[in-house]
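# Overview (structure and organization)
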Amino acid sequence: MGSHLAWGVLSTGRIAGTFARGVSRSKRGRVVAVASRSQAKAEAFAARHSVPIAHGSYEALLSDPRIAAVYVATPHPFHVEWVIRAASAGKHVLCEKPLGMNRAEAVLAFEACRKAGVVLMEAYMYRFHPQTRSVVEIVKSGVIGRVCSIQAAFSFHLGYQEESRAWAKSLGGGGILDVGGYPVSFARLIAGAALGMPFAEPVSFFGAAALHSASGVDAYASALMTFPGDIHAEVSCGIGLQRDNAAWIYGSDGWLQIPVPWIPNREGGRSRILLQKRGASSPEEIVIETEEFLYGMEADAFAQAIADGLREVPEVTADDTLGTMAVLDRWRAAVGLEYN
Ligand SMILES: NC(=O)c1ccc[n+]([C@@H]2O[C@H](COP(=O)([O-])OP(=O)(O)OC[C@H]3O[C@@H](n4cnc5c(N)ncnc54)[C@H](OP(=O)(O)O)[C@@H]3O)[C@@H](O)[C@H]2O)c1
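Quantities reported herein were computed from a predicted structural model and do not represent experimental measurements.

## Points about the overall build of the protein
For the protein, the helix and strand inventory stands at nine helices and 14 strands. Reported as C-alpha extents along the three principal axes, the dimensions of the protein are approximately 60 × 45 × 35 Å. For the protein, with 340 residues in total, the buried portion stands at 49%. Partitioning the intrachain contacts of the protein with sequence separation of at least 6 by distance along the chain shows that 67% fall at a separation of at least 24.

## Section: helix H1 (residues 14-24)
Buried within H1 are the following residues: Ala16, Phe19, Ala20, Gly22 and Val23. Angular distribution of buried residues about the axis of H1 spans 160°; they occupy a single face of the element. Contact partners of the buried residues in H1: strand E1 (5-10), strand E2 (29-35), helix H2 (39-49), strand E4 (69-72) and helix H8 (294-307).

## Quick notes on the domain arrangement of the protein
The domains assigned to the protein are domain 1 (5-123) and domain 2 (126-297 + 322-335). For domain 1 versus domain 2, the separation of C-alpha centres amounts to 26 Å. Facing 19 residues of domain 1, the contacting portion of domain 2 comprises 15 residues. Within the residue set of the side of domain 1 that touches domain 2, elements represented by two or more residues are H1 and helix H5 (103-116). Looking at the side of domain 1 that touches domain 2 element by element, the count peaks at five residues for H1. Grouping the amino acids of the side of domain 1 that touches domain 2 by side-chain chemistry returns nine nonpolar, six polar and four charged.

## With respect to the site of the ligand
The ligand sits among 22 residues. The nearest are Thr12, Gly13, Arg14, Ser36 and Glu96. No other element matches H1, which puts three residues into the shell around the ligand. Taken together, the residues of the shell around the ligand sort by class into eight nonpolar, seven polar and seven charged. Two domains each provide a minimum of three residues to the shell around the ligand, namely domain 1 (5-123) and domain 2 (126-297 + 322-335).

## Let's talk about the environment of Asn340
Position of Asn340 among the secondary structure elements: in the segment after helix H9 (318-335). A C-alpha to C-alpha distance of 39 Å links Asn340 and Ser50, two positions 290 residues apart in sequence.

## Remarks on the sheet that holds E2
As summarised here, the arrangement of the six strands in space is E3-E2-E1-E4-E5-E6, forming an open sheet in which the pairing is parallel. Because the sheet does not close on itself, it has two edges, and the strands there are strand E3 (53-55) and strand E6 (120-122). The sheet shows a mean angle of 25° between the axes of neighbouring strands, taken without regard to direction. Examined bridge by bridge, E1 and E4 share four bridges and lie parallel to one another. Each residue of the ladder has a partner; that of Val9, found in E4, is Tyr71.

## Side note on the pairing of strand E9 (residues 218-227)
Among the ten residues that make up E9, eight are buried, leaving the element largely enclosed by the rest of the structure. Bridge count for strand E8 (residues 204-211) against E9 is eight bridges, and the pairing is antiparallel. Among the inter-strand pairings, Phe205 is bridged to a residue of E9, identified as Met225. Taking the residues that link successive antiparallel strands as the turn, the E8-E9 hairpin has six residues, and the phi of Gly216 there is positive, at about 85°. Connecting the antiparallel pair E9 and strand E10 (residues 231-238) is a turn made up of three residues, with Gly229 showing a positive phi of about 80°.

## A closer look at the sheet that holds E9
Taking strand neighbours across the sheet as the criterion, the eight strands line up as E8-E9-E10-E7-E11-E12-E13-E14 in an open arrangement whose pairing is mixed. Two strands lie at the open edges of the sheet, namely E8 and strand E14 (284-290), each paired on one side alone. Pairwise comparison of adjacent strand axes, ignoring direction, gives a mean angle of 10° for this sheet. Looking at chain direction, strand E7 (residues 147-155) and strand E11 (residues 247-251) are connected through five bridges and run antiparallel. Pairing of Val147 across the sheet is with Gly251, part of E11. Along the sheet, H9 makes contact with E8 and E9, crossing E8 at roughly 55°.

## Focus on the environment of Ala318
Here Ala318 lies in helix H9. Placed 202 residues apart in sequence, Ala318 and Ala116 show a C-alpha to C-alpha distance of 15 Å. When residues no more than four places from it in sequence are discounted, the contact partners of Ala318 are Phe110 and Glu312.

## Concerning the nonpolar core
Residues Val83, Val93 and Ile190 are the most contacted members of the largest nonpolar core, which totals 109 residues. Of the residues forming this core, the biggest block, twelve residues, is contributed by helix H7 (residues 175-195). Leaving out residues up to four positions away in the same chain, Val93 has contacts with Val70, Val72, Val83, Ala86, Ala87, Cys113, Val118 and Leu120.

About the cut-offs
Residues numbered from 1 in each chain as written. Predicted model: local features only at pLDDT ≥ 70, side-chain atom pairs only at ≥ 80, totals over all residues. Helix = DSSP H or I, 4+ residues; strand = E, 2+ residues; numbered from the N terminus. Buried ≥ 20, exposed ≤ 12 C-beta atoms within 10 Å, placed from the backbone. Contact = placed C-beta atoms within 7 Å. Arc of directions from axis to C-beta. Domains from an automatic or database assignment. Nonpolar A, V, L, I, M, F, W, Y, C, P; charged D, E, K, R; others polar. Near = placed C-beta within 6 Å. Pairing = 2+ DSSP bridges. Axes fitted to C-alpha atoms, helices over the stretch in contact; angles between N-to-C directions. Core = buried A, V, L, I, M, F, W, Y, C linked by C-beta atoms within 7 Å.

Printed below as a string of structure tokens:
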């Protein structure tokens, strides 16, 4: 595989396929193997995505010496177990969000990877899109003045289905764990940029949620966070309510709107952000264009960190993940949502 990072994809679900497509267009990675709990599913995935090796168990993939990095894309409750097992097998690990069911699980995952000397990153792919980098640069430039308020939503409407990963409590269902980490990590990122830090932690937090009567998980949820410097963030998420799924940053001298903050495009293309300067008659449109695939950019940054001998990926560090996980813990605690 030459200088390419040899990936093993652990599971054959929806996002595993999207990731494999992304890596197929990356500069530094190749998906060399896929693993499923079923040999037939692994083979079907391998055929669909031109993956050379299909393993009929996750264990077989972890003991395959041809694999250098594992992408964990199971439902959330199994993330940490497979991260730790991958680390013990000497593999670098990119794990889907949320890294664990709670912060304490994520700590165990980072400890295992530190001990094994492998890189671990939680897969917040939006951090690698040039649009996100532009937003951070604009905030840092001071053009919208002092950042006062951030609004961000990731909330979609899925009809209730008892068995589905999104709704089933046994599979870590609910909006806070599934998509709450996007607006929370975004607010922490932007508050950090405003304060001259990679990310910031809230000093206060108020959360609310509507718990689904049958499943018990949160159908939709909202939270208000305050950060140092009187920066407020209103964040919302859900699997049972469609929202605009946009992000706004309001400053003393203007505002920035990001109409599509999380997946500006999967397979390259144009995206835009709007910059309204105080006193201007209309907002300015800033166009961002890339030919690269979103999940390919994420995989390339991960490969670059390994090639550079780093212990973590600068765009999504361990402390950053643990900060987001801590907020998600507070959010669930505020609304009485527990997984056992
Ligand atoms: N970053 C993103 O853009 C993004 C988008 C969507 C989801 N995600 C994250 O990725 C993870 C997977 O989401 P998904 O939507 O791809 O889920 P999915 O389509 O339901 O796939 C999950 C896969 O996990 C494997 N699995 C292992 N144990 C399982 C169990 N007990 N029950 C069900 N499946 C099991 C299955 O693969 P095998 O049968 O082959 O073993 C299954 O296909 C979640 O943690 C989610 O938060 C991230």
